[in-house]
Amino acid sequence: MHRHPHILNAATTLLGICFVIIGGLKLTGQNPKSYSDELAWLAAASFFASILVSYSAIRADAARPWQTQFADLAFIGGIFALLSSMVVGAVFL
C-alpha cells in the first residue's frame, strides 16, 4: 500500500501549523503560562520523524514494512500531540 506521499504531504502541512503555534505563543509572550508550546514541539518532532521516514521510503526502491508502520505511528502521535497542545492552549490561555 503506497501511503507515503499522503503522509509526507499531510505531515509537512501539520509541521508548519506546529511552527505557527510555537511562534504565536512566543511572540505574544504566552508560552510560559502553559505547556502548549512544549506539546507543539513534541508534535513537530513527531511530524519531522514521519517526514524523514516517509521520504526515505519514497526514495527507496522497495519500501520496507517497518518504514510504513513507523511513519504511520509517528504521524498519529504527532496528531495527538498537536491536538493536546491546542486543548491545553484553549483551556489555560
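Residues numbered from 1 in each chain as written. Predicted model: local features only at pLDDT ≥ 70, side-chain atom pairs only at ≥ 80, totals over all residues. Heavy atoms only, no water.

### Let's talk about helix H2 (residues 36–59)
- With 24 residues, H2 extends 34 Å from end C-alpha to end C-alpha; this agrees with the ideal 34 Å at 1.5 Å per step.
- Within H2 the residues assigned to the buried category are Ser36, Asp37, Ala40, Ala43, Ala44, Ser46, Phe47, Ser50, Ile51, Val53, Ser54 and Ala57. (Helix = DSSP H or I, 4+ residues; strand = E, 2+ residues; numbered from the N terminus. Expected span 1.5 Å × (residues − 1). Buried < 20%, exposed > 50% of the residue type's maximum accessible area, 1.4 Å probe, protein only.)

### Re the packing of aromatic side chains
- Here the structure, examined in full by the defined rule, presents 2 aromatic pairs.
- A ring pair is formed by phenylalanine 19 and tryptophan 41, whose centres lie 6.1 Å apart and whose planes are at 70°; its orientation type is edge-to-face. With a gap of 22 residues between them, phenylalanine 19 in helix H1 (residues 4–28) and tryptophan 41 in helix H2 connect regions that are remote in the sequence.
- Assessed through its relative accessible area of 43%, phenylalanine 19 is described here as partly exposed.
- You can call tryptophan 41 partly exposed: its relative accessible area is 47%. (Phe/Tyr/Trp six-rings, centres within 6.5 Å; stacked < 30°, edge-to-face > 60°.)

### With respect to a nonpolar patch on the surface
- On the surface, a nonpolar cluster with roughly 770 Å² of combined accessible area is contributed by Ile76, Ile79, Phe80, Leu83, Val87, Val91, Phe92 and Leu93.
- One can find leucine 93 in the segment after helix H3 (65–92). (Patch = residues over 30% accessible without salt bridge, like charges linked within 9 Å, V, L, I, M, F, W, Y side chains within 5 Å. Areas by Shrake-Rupley, 256 points an atom, 1.4 Å probe, with all protein chains shown as cover. Salt bridge = Lys/Arg side-chain N within 4 Å of Asp/Glu carboxyl O.)

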